[in-house]
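A look at the structure
Chain residues, written in single-letter form:
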Amino acid sequence: MTTNIDEDVATDAVPPTKRQLRAARMAEAAGAGVKVLVIKIVSLGIVDAIAVYALVVLLSQQQWLFAAIVAAVALIFNWIYFSRRRLPAKYLAPSILFLAVFQIFTLLYTGYIAMTNYGTGHVGSEEQAVSSLMSSALERVEDSPTYPLTVVDRLGQLGMLVTDPEGDAQLGTTGTPLQEVQATFEDGKAVATDGYTTLTFAEVIARTDEIVELVVPASDDPNDGALRTTDGSNAYLYTSALEYDEAAGTMTDLRSGTVYSDIGTGAFTSADGEELLPGWQIFIGLDNFVLALTEESIRGPLLYVTIWTFVFAIVSVGSTFFLGLFLAIVFNDARMRGRKWYRAGLILPYAFPAFLSILIWAGLMNESFGFINQVLLGGASIPWLTDPLLAKVSVLIVNLWLGFPYMFLVCTGALQAIPDELSEAATVDGARPWAIFRLIKLPLLLVTVTPLLIASFAFNFNNFLLIYALTNGGPRDPNATIPVGFTDILISMVYKVAFTGQNRDYGLGAAFSILIFIVVAVIAIVLFRRTKALEELN
Amino acid sequence: MKVNKKSAAAAGALITVGMLALAGCAGGGATPSESEEASAGAVTVWVDAERVDALQGAADAYTEETGVEVELVGKDNATIKDDFIQQVPTGRGPDITMGAHDWLGELSTNGVVAPLELGDSASGYLDVAITASTYDGTVYMLPYAVENIAVLRNADIIPEASTSFDDMIAKGLAAGLTQPFVVEQGAEGNPYHLYPFQTAFDAPVFGSDDNGYNAEDLQLGSAGGEQFAAWLSSQGKNGTAVFNTDIDGAIAKENFLNGTSAFWLTGPWNVGSAVDAGINVAIDPVPSPTGEVAQPFAGVKGFFLSSESENAVAATDFLVNYLGTEEVQLELFEAGNILPALKSAADTASSDPIIEGFATVGADAVPMPAIPAMGSVWEYWGIAQAEVINGADPTTTWQKLAADVQAAIE
């Protein structure tokens, strides 16, 4: 490809175009001078050093998959950059890597979570749920004493040397009930006995796993309970309220006799539907998507929240764009003095952190104490943020304030790029200023800014921060059974549905995010198609 | 040439970051097992970032005494609970985390906490602290501090404590104040701060039994609840306007600090700024609108043991036998200025009249319910109160609240 262009440049006497120049530079670089080679080797060396370090860490952690990925990526990068060809790859490789890490991986992972029941009560594995249930089911035998404990060892088997309330020493091991033994006492506590080695505190800690499993029956009767220790220096008598049958996969409540079995919902469930929590994480396919679209309590508000989300996004884009455009045109007029200063002033709202601005607006709009009602309106009590309709207007006003400087900047740039000759020619042809703007400037402007308007739409469609910080979706809809409000947009409603109160439903939240992603993506694709048509028109 | 140098350097930088990101993804899991190899006994503790220094001394002393390394990790208080729930099941969580008792329902439902046996030391703690640390009959938390709200009184304006709610308002009006009493509210209400008044009408949220609060016994909608709603309405927008949902935390604070209001129902976290503003602060019990005692919620702070801890014995020993000592509890008290949960430490701390004031109110406080059903209550409770304050019919609003909560729990 490069040779072709070189030939073109050589054969044609016409001065080279910008594109040809760039191609020539690329070709020269591919041939590589010494300096470039050094830079290349040094930067690749740094990258490889980091890759090797990452490999060492990953391999020591036995993260085989990640190690393989890092190794493969490192090899591919070396191959690409040491090769004399593969010019496009040299430019594309880094961005593709980032696309994969930050976009594709995130999307796939969200999709995976959406197909699980990951959420409150279903965070771990079945094994973890069982062990947690069993440890919570332990009940200390009522009015039983504390047994001061010394952990002892014989031939690798641990035993408990405890001092009973009468002051006698008793010894037992897992499976062997307590028996009275002769022992050495220190401050009334048995500390050693013949035939056993006493463990020091450090040894106790080093053998934590064995200590946790050390269960010494108090007597031959299992109803008397068994001694367990959690800190290695005191033992207590416990009975268990649950029994786990691993073969059948059931939990039995020993007090009521209820049998809880694994029926494939990710928790032990009794015959009448009662669940034992914690449960565990399972794959549930498309259930979350079905729930998101059919759940009665969500479906009602979903409709008007969706409508408001569209209204909010479209009005926000429209209002910020037209105000920004209007100001850009006004300040683009060379006759205005000191316009640099005005421009700087107009950009200020864009320069403040949005979060701060929103909180300040929330304060300004407070009904009884806000600056707007108290000072500007002389003590009026207008419910800016608490009336369903007015709150929507307030949200749009605040978003206009936050968003117009960006549009102002963009439009100022785009307007300056439109040659003055065009409007001069139109004036000569007798066009009025409004016609010049509508028929010449606006279409040219739209070609440049439409992609930005689409991006702004997508941003506002998911403008969680504004809603969350200004009204938190309020005022609440008193008729809805979920805590949704009149200014909630889809993303803030999803947040409330999936994460309110003590329940976190990551699966449902992920399913909703994917649905929202699909909506935004479809709109963006359709709009971009239309922009292309606009470009061709010109 | 220039373009090429730049792009080569940029590409190098990009790849570097990419590799780091990849290594970082997997490297997150590296720390616990690495430190595990370094020493047989190491305990990782997640601590509210503001209390790391207070705990550092105790951690060092414990290491010296037992040889067990204690690694304190400062965490943002707002994210610590969700992080704990997410990371414990992966095996990468800490052994111990600092937290509050009202997390218990969630932590236990997710199976990420292990029971603690306090043994005989349990009797050394304040009763409210032990009740709050118990969930479904089992103790899961080592308590270190008890927090509750009380009335801050500007003693320069009102020299004497008030005997009842009406007396408080009357005293304030007599002193020439138009808004004598402030309490933090908001567009969605703030039931935590109004709870003492509700309990004065004998309308707790849940009934309780031996195992703690009983989710099946919702008492919110009892006759007392409706009386409370009627009273709240009479003190709202269409009545005396003592309560106003436009008064948020910042406005309440400002009114008290500039002397517009002489009574402020708030917690110990606001005492510092009132004292700094030069106000002669006295701590009073919450004045009751009825003859009954107004009982605020108690929030108990403490430490939880992870159910997946690989150093459970050392971690338990550190918690029960070390953090439960008077010395450590006092150190934590000095960092946070909240009443210690251990009786002996609480007595020492109560030599300060402000702490003593809160402790007196705390003696009547009830632990905030930690059962998961409470989440459903929070969703509807504040909004209903805000509606009542703003003039909605108290009886029907309250009945709807009770019905909504009941439906959400089921």
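Residues numbered from 1 in each chain as written. Chains lettered and ligands numbered in written order. Predicted model: local features only at pLDDT ≥ 70, side-chain atom pairs only at ≥ 80, totals over all residues.

The subject of this paragraph is the overall build of chain A. In terms of regular secondary structure, chain A is built from 19 helices and 16 strands. At 36 Å, chain A has a C-alpha radius of gyration far larger than the 24 Å of a compact globule built from 538 residues. With respect to the three principal axes, the spread of C-alpha positions in chain A is 115 × 75 × 45 Å. Long-range pairs, those at least 24 residues apart, make up 58% of the contacts in chain A with a sequence separation of at least 6. (Helix = DSSP H or I, 4+ residues; strand = E, 2+ residues; numbered from the N terminus. Rg over C-alpha atoms; globule rule 2.2 N^0.38 Å. Contact = placed C-beta atoms within 7 Å.)

Residue and element names in this part refer to chain A. Examined bridge by bridge, strand 4 (residues 169-173) and strand 5 (residues 176-180) share three bridges and lie antiparallel to one another. Bridge pairing in strand 5 links Leu 171 to Gln 179. In this structure, the hairpin formed by strand 4 and strand 5 is closed by a connection of two residues, where Gly 175 is found at a positive phi of approximately 90 degrees. (Pairing = 2+ DSSP bridges.)

Looking now at the confidence of the model for chain A. Residue and element names in this part refer to chain A. Confidence in the prediction for chain A averages 85 pLDDT; 94% of positions are at 70 or higher. The weakest mean pLDDT in chain A belongs to helix 1 (residues 2-11) at 43; the strongest belongs to helix 17 (residues 464-470) at 93. Across residues 1-13 the pLDDT falls below 50, and counting only partners more than four positions away or on other chains, this stretch makes 11 contacts in the model. (pLDDT = per-residue confidence, 0-100.)

It is worth spelling out the domain arrangement of chain A at this point. In many reports, interface size means the accessible area that the parts give up when they come together. One can read the domain layout of chain A as domain 1 (32-114), domain 2 (127-276) and domain 3 (295-537). For domain 1 of chain A versus domain 2 of chain A, the distance between C-alpha centres works out to 52 Å. (Domains from an automatic or database assignment.)

Further remarks concern the interface of chain B and chain A. Every contact between the two is made by 64 residues of chain B and, on the other side, 66 residues of chain A. Only helix 1 (2-27), helix 4 (80-87), helix 5 (104-109), helix 12 (312-323), helix 16 (373-389) and helix 17 (394-409) of chain B provide two or more residues apiece to the side of chain B that touches chain A. Here the side of chain B that touches chain A takes 19 residues from helix 1 of chain B, the largest share from any one element. Considering only residue class, the side of chain B that touches chain A consists of 30 nonpolar, 23 polar and 11 charged. (Nonpolar A, V, L, I, M, F, W, Y, C, P; charged D, E, K, R; others polar.)

Another aspect to go through is the nonpolar core. Leu227(A) and Leu319(B) are the most contacted members of the largest nonpolar core, which totals 202 residues. Per-element tally for this core: the top contributor is helix 16 of chain B, with 10 residues. In terms of nonpolar packing, the next biggest core, distinct from the first, is built from 14 residues, Leu44(A), Leu58(A), Val73(A) and Ala74(A) among them. (Core = buried A, V, L, I, M, F, W, Y, C linked by C-beta atoms within 7 Å. Buried ≥ 20, exposed ≤ 12 C-beta atoms within 10 Å, placed from the backbone.)

Residue and element names in this part refer to chain B. Under the domain assignment used here, chain B contains domain 1 (41-147 + 299-367) and domain 2 (148-297 + 369-409). Each of domain 1 and domain 2 has a C-alpha centre, and these two points are 28 Å apart. Elements that contribute at least two residues to the side of domain 1 that touches domain 2 include exactly helix 5, strand 5 (134-135), strand 7 (141-148) and helix 15 (353-362). Sorting elements by how many residues they give to the side of domain 1 that touches domain 2 places helix 15 first, with six residues. Residue composition of the side of domain 1 that touches domain 2, grouped by class: nine nonpolar, 10 polar and five charged.

Moving on: the sheet that holds strand 9 (residues 181-183) of chain B. What links the strands of a sheet is backbone hydrogen bonding, and the strands pair in either a parallel or an antiparallel sense. Residue and element names in this part refer to chain B. Taken together, four strands build an open sheet; the order of strands is 9-12-8-13 and the sheet is mixed. This sheet does not close on itself; its edge strands, each paired only once, are strand 9 and strand 13 (281-284). The sheet shows a mean angle of 25 degrees between the axes of neighbouring strands, taken without regard to direction. The pairing of strand 8 (residues 150-154) with strand 12 (residues 263-266) spans four bridges and is classified as antiparallel. Bridge pairing in strand 12 links Leu 152 to Trp 264. Of the strands in this sheet, strand 8, strand 9 and strand 12 touch helix 10 (residues 249-257), which is tilted by about 150 degrees from strand 9. (Axes fitted to C-alpha atoms, helices over the stretch in contact; angles between N-to-C directions.)

Residue and element names in this part refer to chain A. Between helix 10 (residues 296-332) and helix 16 (residues 433-461), the shortest axis-to-axis distance is 9 Å and the interhelical angle comes to 135 degrees. Comparing their axes, helix 16 and helix 10 come out oblique. Here helix 10 and helix 16 pass one another in a crossing that is right-handed. On helix 16, the residues touching Thr 309, Phe 312, Ala 313, Ser 316, Val 317 and Phe 321 of helix 10 are Leu 453, Ser 456, Phe 457, Asn 460 and Phe 461. In terms of residue class, the contact of helix 10 with helix 16 is made up of seven nonpolar, four polar and no charged. (Parallel < 35°, antiparallel > 145°, perpendicular 65-115°, else oblique. Left-handed = near helix turned anticlockwise from the far one by under 90°.)

Further remarks concern the packing of helix 10 of chain A against helix 18 (residues 490-499) of chain A. Residues and elements named next belong to chain A. The contact between helix 10 and helix 18 brings their axes to 9 Å, and the two run at 150 degrees. Comparing the axis directions of helix 10 and helix 18 gives the class roughly antiparallel. Contacts between helix 10 and helix 18 involve Ile 298, Pro 301, Val 305, Thr 306 and Thr 309 from the first element and Leu 490, Met 493 and Val 497 from the second. When the residues that make up the contact of helix 10 with helix 18 are grouped by side-chain class, the tally is six nonpolar, two polar and no charged.

The next subject is helix 6 (residues 126-136) of chain A. Those residues of helix 6 of chain A not exposed but buried are Gln128(A), Ala129(A), Ser132(A), Leu133(A), Ser135(A) and Ser136(A). For helix 6 of chain A, the buried positions fall inside an angular range of 165 degrees around the axis, keeping them on one side. (Arc of directions from axis to C-beta.)

On to the environment of Gly403(A), then. Residue and element names in this part refer to chain A. Tracing the backbone shows Gly 403 in helix 14 (residues 388-417). The class for Gly 403 is buried, based on 25 C-beta atoms found within 10 Å. C-alpha of Gly 403 to C-alpha of Ile 347: the two residues are 56 residues apart in sequence and 10.0 Å apart in space.

As a further point, take the sheet that holds strand 15 (residues 268-270) of chain A. Residues and elements named next belong to chain A. Strand order in this open sheet of five strands is 12-13-14-15-16, and the pairing throughout is antiparallel. Sheet topology places strand 12 (242-245) and strand 16 (275-276) at the edges, where each strand pairs with a single neighbour. Taken strand by strand, helix 6 contacts strand 12, strand 13 (250-253) and strand 16, and its axis lies near 150 degrees from that of strand 12.

We now examine the environment of Leu199(A). All names here are of chain A. Tracing the sequence through the fold places Leu 199 in the loop between strand 8 (197-198) and helix 7 (201-206). With 151 residues separating them in the primary sequence, Leu 199 and Asp 48 have C-alpha atoms 49 Å apart. Here Leu 199 is in contact with Val 151, Val 152, Asp 153 and Val 204, once residues within four sequence places are set aside.

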